[in-house]
Amino acid sequence: MTLHPEVAAYRAARAAAGTPPLYTQTLAEARAADLAAIRAGGGPVEPVTEVRDERIPGPAGELPLRVYRPSGQGPLPTVLYFFGGGWTLGSIDTADGICRRLANAVPCQVITVGYRLAPEHPFPAAVQDCHAATSWIARHADRLGVDPTRLAVGGDSAGGNLAAAVTLLSRTDGLPLAAQLLIYPNTDQSGDPAGDDDPALFNSHSVAWYRRHYLSDPEHARDPLASPLLADDLSGLPPALVITAELDPLRAEGQRYAERLRDAGVPTRLAHYPGMIHGFFAMPGTFTDGRRAQENASAFLRERFGLPAGPEAARVDEPAATGPAVAGG
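Quick caveat, the model's predicted, so the values are computed rather than measured. (Residues numbered from 1 in each chain as written. Predicted model: local features only at pLDDT ≥ 70, side-chain atom pairs only at ≥ 80, totals over all residues. Heavy atoms only, no water.)

**Describing the packing of aromatic side chains**
We describe a pair of aromatic rings using the distance from one ring centre to the other and the angle between the two ring planes. The condition is simple: The criterion for an aromatic pair is that two Phe, Tyr or Trp rings (for Trp, the six-membered ring) have centres within 6.5 Å, with stacked assigned to planes under 30 degrees apart, edge-to-face to planes over 60 apart and tilted to the rest.
Applying the stated rule across the entire model yields eight aromatic pairs. Through a chain of ring-to-ring contacts, three or more aromatic side chains come together here, namely Trp 87, Phe 123 and Tyr 214.

**Examining the state of the cysteines**
The following threshold applies: The disulfide criterion used throughout: a pair of cysteine sulfur atoms within 2.5 Å. Exposure categories follow from relative accessible area, calculated using a 1.4 Å probe and restricted to protein chains: below 20% of the type maximum is buried, above 50% is exposed, and the middle band is partly exposed.
One pass over the structure, following the stated rule, counts zero disulfides. There is no disulfide at Cys 99, and the cysteine sulfur nearest it, in Cys 108, is 9.5 Å away. Note on Cys 99: relative accessible area 0%, which makes it buried. You can see Cys 130 has no disulfide; the closest cysteine sulfur is in Cys 99, sitting 12 Å from it. Given a relative accessible area of 0%, Cys 130 falls into the buried group.

**A look at the packing of helix 3 (residues 96-105) against helix 9 (residues 288-304)**
Note the following rule: Axis lines are fitted to C-alpha atoms, over the contacting stretch for helices. Their N-to-C directions set the angle, which ranges from 0 to 180 degrees. In DSSP terms, a helix is any run of H or I states spanning at least four residues, a strand is any run of E spanning at least two, and both are numbered starting from the N terminus. Between 65 and 115 degrees an angle is taken as roughly perpendicular, under 35 as roughly parallel, over 145 as roughly antiparallel, and anywhere else as oblique. The crossing is said to be left-handed when, going from far helix to near helix, the turn is anticlockwise and less than a right angle, and right-handed when the turn is clockwise. When checking whether two residues touch, look at their non-hydrogen atoms; a contact exists if any pair is within 4.5 Å. Amino acids are sorted into nonpolar (Ala, Val, Leu, Ile, Met, Phe, Trp, Tyr, Cys and Pro), charged (Asp, Glu, Lys and Arg) and polar (every other residue, Gly among them).
Running from N to C, helix 3 and helix 9 cross one another at 50 degrees; their axes reach a closest spacing of 9 Å. Put simply, helix 3 runs oblique to helix 9. Handedness of the helix 3/helix 9 crossing: right-handed. Counted together, Ile 98, Arg 101, Leu 102 and Ala 105 of helix 3 and Gln 294, Ala 297, Ser 298, Leu 301 and Arg 302 of helix 9 form the full contact between these two elements. The residue makeup of the contact of helix 3 with helix 9, split by class, is five nonpolar, two polar and two charged.

**Notes on the environment of Ala 30**
Along the chain, Ala 30 falls in helix 2 (residues 27-41). Overall, Ala 30 belongs to the buried group, its relative accessible area being 0%. Remark: the alpha-carbon pair of Ala 30 and Pro 20, spanning 10 residues in sequence, is separated by 9.6 Å. Look past the residues within four positions of Ala 30 in its chain and what remains in contact with it is Leu 22, Gln 25, Leu 89 and Trp 209.

Purely geometric stuff here, so don't read any function into it on its own.
Dropping the structure here:
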């Protein structure tokens, strides 16, 4: 596997600076460093017509939401976006750049959920919060200006895992969702972490560190809400776009999940980015493919919401030298 030139430069800069891996830091240090790195790599902050904070009832008290609303009147197609961070790091602020760009590019309303973090609140707290938020928003669509017939879920890394879990629970609830956007998702926590041990990049130690915080009982790894790949039946789930990166320890399980979705009859696209690393989607200011992947995600959501195609829509189905190789229906 060959590093994309932008990844090689990023890795060299981190090595030269002696940037310590997050898994060697205290939780407080890691949480601050994670947010700082995403902000540094996120590029310019895009203005959105309206950004506001809300609070709704949750399983263990109020849940914070941040609502990003582009121009437009009446109910809007809406994405519930769950931030990444290994269920341990991350916050509403972590996903701010992604939510702003999706809101403008689709365009659609984006709502991000401040779910509880581990180890203070281990599995299944985050799943319960994200499911509760999805259900509440669907039931109270008028309050937030949501078109309930065009409600999707998405997230990156642990957020992708949570989005996948929410689709399983929503299927049980009888809540139809328009789409699922899964960006390098964790889908199987039952085996040994994959990948090498390069301390300058997200690696197998990173995966294991997050997993230890999130799963207070190792047996929880067999629960499909922690490992959606282990669900017996994936049929009837919403159409999916799964984004993976070649140098990501989560690549294989993301690709296997896309394959299982397709085998279950779920319209699924797999967008794979050669030479890219975990986290690239959240860093479009550093990685050109981060911008391309966000354009790809926006085009997918636009299609699922029945909105007019934008100028980048052709990229959804056209592989590029350093861009996505996309398959599926």
